[in-house]
Amino acid sequence: MPVETRGPLPDIDVMLEVLPESQREIISLLKISGLILEEAAHVTSSSVGSVKQKAHRSYEKLRGVLADYGPTRKDEAQ
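Numbering of residues begins from 1 in every chain and follows the order in which that chain's sequence is written. With pLDDT at 70 or above as the cut-off, local features in this predicted model cover only qualifying residues; side-chain atom pairs require 80 or more to be listed or tallied, and sums for whole chains, interfaces and linings still use all residues. Processing note: side-chain calculations cover all non-hydrogen atoms of the structure and skip hydrogens and water entirely.

I'd love a proper account of unusual backbone geometry, names of residues and values included.
For S45, which is not glycine, the phi dihedral falls at a positive 55°. With respect to the secondary-structure elements, S45 resides in the loop between α3 (37-43) and α4 (48-67). We classify S45 as exposed; its relative accessible area is 70%. Only DSSP runs of H or I reaching four residues or more are called helices, and only runs of E reaching two or more are called strands; each is numbered from the N terminus. Relative accessibility decides the category of a residue: with a 1.4 Å probe and only protein chains considered, values under 20% of the type maximum give buried, values over 50% give exposed, and everything between is partly exposed.

The structure is reproduced here in structure tokens:
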């Protein structure tokens with residue numbers, strides 16, 4: 001089945017703007033800076049559980065943003 005995309009992906013900074021500052025910081029530390037959970041917790045003076053929770057909530061929100069840009073089946077649009 002043919003697949004088409006809904007449009008070009010926005011810049012990462014634009015996508016991260018939908019997140020609260022604390023969640024943006026966690027995503028930046030984990031995914032951009034490459035820190036592990038324990039390091040991100042230390043840097044933010046948080047518990048590992050808090051970092052996990054913020055990361056999880058961030059991923060959920062970003063999945064929603066990306067769903068608007070993801071591929072669709074061409075026949076579903078008709």
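Anyway, onward from the coordinates.
Describe the pattern of salt bridges, naming the residues involved and giving the relevant values.
Criterion for a salt bridge: a side-chain nitrogen of Lys or Arg within 4 Å of a carboxyl oxygen of Asp or Glu. What the rule picks out here adds up to two salt bridges. A salt bridge links R63 to E60, with the nearest nitrogen and oxygen atoms 2.6 Å apart. Within this pair, R63 and its partner E60 are both found in helix α4, separated by three residues, close to a single helical turn. Owing to a relative accessible area of 42%, E60 belongs among the partly exposed residues under this scheme.

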